[in-house]
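Reading the structure
The residues making up each chain are set out below.
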Amino acid sequence: MNISLTPELEQLVKGKIHSGKYHSVSEVMGEALRLLEERDACGGLFGVAF
């Protein structure tokens, strides 16, 4: 699978890898998707209705 990121998001991903907390783009994206799934399971944007 290929994805396209804005330059800002690409820099964010690279920064996470450079910090040493993550070892690859796949790890960063996997964590991001896990958090999105968790947020969705909790009723959206932290349960706040707009």
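Read on for a plain summary of the structure. (Residues numbered from 1 in each chain as written. Predicted model: local features only at pLDDT ≥ 70, side-chain atom pairs only at ≥ 80, totals over all residues. Heavy atoms only, no water.)

1. Concerning the pattern of salt bridges
Under the definition given, this model contains four salt bridges. Here arginine 34 makes a salt bridge to glutamate 38, at a shortest N to O gap of 3.0 Å. Placement of both arginine 34 and glutamate 38 in helix α2 (residues 25-41) is noted, with a separation of four residues, approximately one turn of the helix. Linking aspartate 40 and arginine 39 is a salt bridge whose minimum nitrogen-to-oxygen distance equals 3.9 Å. Taking relative accessible area as the criterion, aspartate 40 reaches 47% and is therefore assigned partly exposed. Salt bridges sharing partners connect three or more residues here, namely Glu31, Arg34 and Glu38. (Salt bridge = Lys/Arg side-chain N within 4 Å of Asp/Glu carboxyl O. Helix = DSSP H or I, 4+ residues; strand = E, 2+ residues; numbered from the N terminus. Buried < 20%, exposed > 50% of the residue type's maximum accessible area, 1.4 Å probe, protein only.)

2. Remarks on the environment of serine 24
Relative to the elements of secondary structure, serine 24 occurs in the loop between α1 (7-18) and α2. Distance in space between the C-alpha atoms of serine 24 and lysine 14 is 8.8 Å, their sequence separation being 10 residues. One polar contact links the side chain of serine 24 to the main-chain amide nitrogen of glutamate 27, over a distance of 3.1 Å. (Polar contact = N/O pair within 3.5 Å; in protein donor to acceptor, adjacent residues only side chain to side chain.)

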